[in-house]
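# Results of the structural survey
One-letter residues, chain by chain:
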Amino acid sequence: MTIAVCPGSFDPITNGHLDIVRRASHSFDEVVVLVTGNPAKTSGLFSIDERMALIREVTADIPGVRVDSWAGLLVDYINEHHVTALVKGLRSSLDYDYELPMAQMNRRLSGIDTYFLMTDEKYGYVSSSLCKEVAKYGGDVTGLVPPNVHAAMEVKFR
């Protein structure tokens, strides 16, 4: 059984993230959307539990996808859960420059391979940070985040 992990903070999950998870689900038996970060911290827009609930909602229709969280080293999660691959979405060469050293370190520490999927061009400019900033100042993020996330952001910024 092949198990891939899509790690990230997902604060919040965007349609770009969701596209990567959907596409990864076609290549692996199981895809774990792994919300990373320290659960004791509340510095994000959404708590870890809120992020996980939102992600569960938007991935419920994707076979083989589950949601989990982790606050330690990613390689420890990989080893404990018998993960066979990491999947990361890339929007640009800047993402690649950021992700490559992490992929190489993860491979050195655990032997795991990282698979890079190029983001669909319609999501190439979409990031969680940018969506939060736009929504915070009353801008419309419809089509950039799933509807349940959009609604949750409106409540947070009210």
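Refer to the structure presented above.
Throughout what follows, the structure given in this document is the object of discussion. (Residues numbered from 1 in each chain as written. Predicted model: local features only at pLDDT ≥ 70, side-chain atom pairs only at ≥ 80, totals over all residues. Heavy atoms only, no water.)

### Quick word on the overall build of the protein chain
- Along the backbone of the protein chain there are six helices and five strands.
- Helices and strands appear in the protein chain in the N-to-C order β-α-β-α-β-α-β-α-β-α-α.
- Taking 15 Å as the expected radius of gyration for a compact globule of 158 residues, we find that the protein chain reaches 15 Å, a close match to that expectation.
- Seen along its three principal axes, the alpha-carbon backbone of the protein chain occupies a region of about 45 × 35 × 30 Å.
- Taken over 158 residues, the protein chain has a buried fraction of 46%.
- Across the protein chain, the centroid of the 15 positively charged side chains sits 3 Å from that of the 20 negatively charged ones. (Helix = DSSP H or I, 4+ residues; strand = E, 2+ residues; numbered from the N terminus. Rg over C-alpha atoms; globule rule 2.2 N^0.38 Å. Buried < 20%, exposed > 50% of the residue type's maximum accessible area, 1.4 Å probe, protein only. Lys, Arg positive; Asp, Glu negative; His and termini not counted. Charge placed at Lys NZ, Arg CZ, Asp CG, Glu CD.)

### Section: the pairing of strand β4 (residues 85-90)
- Burial of β4 is extensive: five of the six residues sit out of reach of the surface.
- Two strands pair when backbone bridges link them, and strand β1 (residues 3-8) and β4 are joined in this way by two bridges, in the parallel orientation. Its bridge partner lying in β4, Ala 4 is registered against Ala 85. (Pairing = 2+ DSSP bridges.)

### What to know about the side chain of Asn 15
- Mapped onto the fold, Asn 15 is located in helix α1 (residues 15-25).
- When residues no more than four places from it in sequence are discounted, the contact partners of Asn 15 are Tyr 123, Gly 143, Leu 144, Val 145 and Pro 146. (Contact = heavy atoms within 4.5 Å.)

### Here's the deal with the packing of aromatic side chains
- Here the structure, examined in full by the defined rule, presents three aromatic pairs.
- With centroids separated by 5.8 Å and ring planes inclined at 70 degrees, the aromatic side chains of Tyr 96 and Phe 116 adopt a geometry described as edge-to-face. Within this pair, whereas Tyr 96 is found in helix α4 (residues 93-110), its partner Phe 116 is found in strand β5 (residues 113-118), the two being separated by 20 residues in sequence.
- In this structure Phe 116 comes out as partly exposed when scored by relative accessible area, which is 26%. (Phe/Tyr/Trp six-rings, centres within 6.5 Å; stacked < 30°, edge-to-face > 60°.)

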